[in-house]
Amino acid sequence: MVMSVLFSFIFPPPPSLVVSGLTVISFMILINAFLSEIRGKHLNYSKFWNVNPSGKKQIKLPSKAGMLLLYTPALFSGLSSFFVFPHQGVRCDVLRSAVILHYFKRDFEVLFIHKYSGGITLESAIPITLSYFLSATTMVYSQHLTNGVPEPPINLFYPGIVLFVVGIIGNFYHHYILSKLRGKDEKEYKIPKGGLFGLVICPHYLFEIIMFYGIAFISQTLYAFSFAIGTTFYLLGRSYSTRKWYLSKFEDFPKNVKAVIPFVF
Ligand SMILES: NC(=O)c1ccc[n+]([C@@H]2O[C@H](COP(=O)([O-])OP(=O)(O)OC[C@H]3O[C@@H](n4cnc5c(N)ncnc54)[C@H](OP(=O)(O)O)[C@@H]3O)[C@@H](O)[C@H]2O)c1
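Residues numbered from 1 in each chain as written. Predicted model: local features only at pLDDT ≥ 70, side-chain atom pairs only at ≥ 80, totals over all residues.

### Comments concerning the overall build of the protein chain
Where we set the bar: Numbering of helices and strands runs from the N terminus, with a helix taken as a DSSP run of H or I at least four residues long and a strand as a DSSP run of E at least two residues long. Restricting the calculation to C-alpha atoms gives the radius of gyration, and the globule rule supplies 2.2 Å times the number of residues raised to the power 0.38. Any residue surrounded by 20 or more other C-beta atoms within 10 Å of its C-beta is treated as buried, while 12 or fewer makes it exposed and the intermediate range makes it partly exposed; C-beta atoms here are placed from the backbone. In this description, a residue-residue contact is defined by the distance between C-beta atoms placed from the backbone, which must lie within 7 Å.
When its secondary structure is counted, the protein chain shows 8 helices and 2 strands. In the protein chain, the succession of α and β elements from N to C terminus is α-α-β-α-α-β-α-α-α-α. Whereas a compact globule of 265 residues would reach a radius of gyration of roughly 18 Å, the protein chain reaches 19 Å, a difference of no more than 12%. With respect to the principal axes defined by its C-alpha atoms, the protein chain has extents near 55 × 40 × 35 Å. Residue burial in the protein chain is summarised as follows: out of 265 residues, 38% are buried. When contacts within the protein chain are restricted to residue pairs at least 6 apart in sequence, long-range pairs at least 24 apart make up 83% of them.

### Description of the UniProt feature "transmembrane region" (unreviewed entry) in the protein chain
Going by this rule: UniProt positions are given in the numbering used here, feature names are shortened, and annotations may be inferred rather than shown by experiment.
When the UniProt feature table is mapped onto this chain, "transmembrane region" (unreviewed entry) is found at residues 16-35, 156-173, 194-216 and 222-240. Secondary structure content for residues 156-173 is 94% helix and 0% strand, while the C-alpha to C-alpha distance between its ends is 26 Å. Between the C-alpha atoms that bound residues 222-240 the distance is 27 Å, and the span itself is 100% helix and 0% strand.

Laid out in structure tokens, this is it:
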């Protein structure tokens, strides 16, 4: 019953041990990252870049360089797929264009939008870079493996494009609001206002989640859905920590502002 519902909108999993293994591994890594955030063990970037409970000496990179390191290999993986698998169907071309646009936007924001105050540790940068690179590569490769496989009975391609566009625009808009909180060379944190910041403290995460479901709908592969679900968990954990951080830092932080899902969480 569950399987027949699942395969009404997902391509059958490809007979590839590598893709099956990566589907399970990347999902488990994201669930582990969610549990770590909830338990207060953070990946060290942005507000939590300097949290180091173990006291071990860590190599630190400036945020701008670190973030470019995170996103650029995934961007090149998407771009190079057009040379490795040049003739694919529309679904695959749209999927890889969405992946490329997402990582291009990330690099663009790092260079021209975000105003950073800190850094990122190499210990956090390496696994995140690998995870983005592997997920972008596996996403496109799984799509390539659906070539010639009959389409699932329910077509989510067009709703996927709508979700992707809403997600990427909403995410960019809230990044822009955050960037306006700081003047040139300012490093202070303030309570963000505008957009959906009156409802949730991480609206940019909410739109990132919407964007990843957009990608999953466009793709309709098991890998893309498992990555979207894993990302949702991680961002739930990170937003939970972020809300806790605001509550501890600002006495006047409005208690009705949730973490990432308006009125719920
Ligand atoms: N797919 C995934 O698994 C995943 C994981 C993590 C993040 N992301 C996405 O990546 C994007 C960036 O995430 P992030 O966690 O780095 O976001 P973030 O912590 O909110 O930071 C984004 C930018 O806004 C600045 N900022 C944040 N809060 C501020 C405040 N109160 N006052 C002034 N400036 C503030 C940050 O400065 P500082 O650097 O100085 O803090 C940084 O430049 C998000 O859209 C998120 O959805 C995706």
